[in-house]
Each structure stands twice: as structure tokens, then as C-alpha cells.
Amino acid sequence: MKKKFLPLFIAMLCLVSLCAFTGCNRGKVTKTEIDEKTCYVFTATADNTETTVADYLKTLKAKGELDFEGYDSEYGLYITSVDGLKEEFSADFASGHYWSLYLDFTESEGVIYAADDNVCEYKGKIYYYANYGFSGIPCLDGHTYILAYVPYGN
């Protein structure tokens, strides 16, 4: 009788392990360095009710998972600092840094949200620089986003 349950037990253990490892970063914010840029990586989860990345970021902030400052402008959410790292720029915008977004997709439902001419790589996957602001990007279940501190002109 024990021998009959052993394969079932092993199969269930493998399934639990697979789920744990493939979803280990979902819903969590990871701080990292990518191409000499300070970045925060997060993956949207199915249980979010947010429709845009801006909404999701605000939820992460409310939960204490991401500390950022910013304001809502006529163009949507504008982020001025993350974890105390503030945007900086020269008067002519020739130098400095600002907060931007990279996506793991370029298009959704016929809308092109990012181009493939400005990319970064993280853990073997390519991410695309967003053409829209945080409020204009959909928050899609299972997709990963990178909030990056990028230099002007990049």
C-alpha cells in the first residue's frame, strides 16, 4: 500500500516545488543593479485589481513594499525618487538621471507600449524601454516590469 502512494507523493512534491520556484518573485519587489542602473524589478500577480503600472506601484507603496515619491500630473504618475534616490538633471537636461520603466513585452491588444531599440537584459530576458508613462502602461498578470534610474540621453 505504501508503494502505491510513493509515486503520488513524489509527483505532488515536484509540483509544489515547481510552483514555489516559478512564482518566487511574483508580487515581490527586488532591488538590483542592471547595466550600472539602480533598478526595482516586480511581477504583476493575478490577484491585483490595478489596471495600470501606476496603480500597481501605488499599491506596492501602500503595502510598504516600495518607497517612492512622486505626483500625479496631467500625463499621469511622475516618480521623483525611489528609496531616497532622487531624480537629478542639469538645466539643459544634458546630464542627470530620472526614473523610467522597462517592460517584458512590446505590444498588448494592438497597442505598442515599447520599442525594441532601447533594451536591457535581466536574468537572461530582454526588457524594453516604455514609450508611455507609468499611468499609460497596463498592469498585466505574470508580466515583469523594471523601474530603472536611467541617465538622460539613454
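Residues numbered from 1 in each chain as written. Predicted model: local features only at pLDDT ≥ 70, side-chain atom pairs only at ≥ 80, totals over all residues. Heavy atoms only, no water.

### Some thoughts on the layout of surface pockets
- Put simply, the largest pocket is a space of about 340 Å³.
- Leu77, Tyr78, Trp99, Gly133 and Phe134 are the residues nearest the centre of the largest pocket, which is lined by 17 residues in total.
- For the lining of the largest pocket, the leading source of residues is strand S7 (residues 96-103), giving 4 residues.
- Tallied by class, the residues present in the lining of the largest pocket amount to 12 nonpolar, 5 polar and no charged. (1 Å grid on protein atoms, 1.4 Å probe; cavity = no way out; pocket = protein on both sides within 12 Å on 5 of 7 lines; lining within 4 Å. Points joined across faces, edges and corners; volume = space filled by probe spheres on them. Helix = DSSP H or I, 4+ residues; strand = E, 2+ residues; numbered from the N terminus. Nonpolar A, V, L, I, M, F, W, Y, C, P; charged D, E, K, R; others polar.)

### Some points on the packing of aromatic side chains
- Within this structure, the stated rule accounts for 12 aromatic pairs.
- When the ring of Phe42 is compared with that of Tyr56, the centres are 5.8 Å apart and the planes differ by 35°; the resulting orientation is tilted. Here Phe42, found in strand S2 (residues 37-43), pairs with Tyr56, found in helix H2 (residues 53-62); they are 14 residues apart in sequence, far enough to count as distant. Grouping residues by exposure puts Phe42 and Tyr56 together as buried.
- Taken together, a centroid distance of 5.5 Å and an interplanar angle of 40° make the contact between Tyr71 and Tyr78 tilted.
- Residue classification places Tyr71 among the partly exposed residues on the basis of a relative accessible area of 45%.
- By relative accessible area, which is 31% here, Tyr78 ends up partly exposed.
- An aromatic cluster of at least three residues, connected via ring pairs, comprises Phe42, Tyr56, Phe105, Tyr113, Tyr132 and Tyr145.
- One Lys or Arg, Lys61, reaches over the ring of Phe68 and ends 5.0 Å from the middle of that ring. (Phe/Tyr/Trp six-rings, centres within 6.5 Å; stacked < 30°, edge-to-face > 60°. Buried < 20%, exposed > 50% of the residue type's maximum accessible area, 1.4 Å probe, protein only. Lys NZ or Arg CZ within 6 Å of the ring centre and 35° of its normal.)

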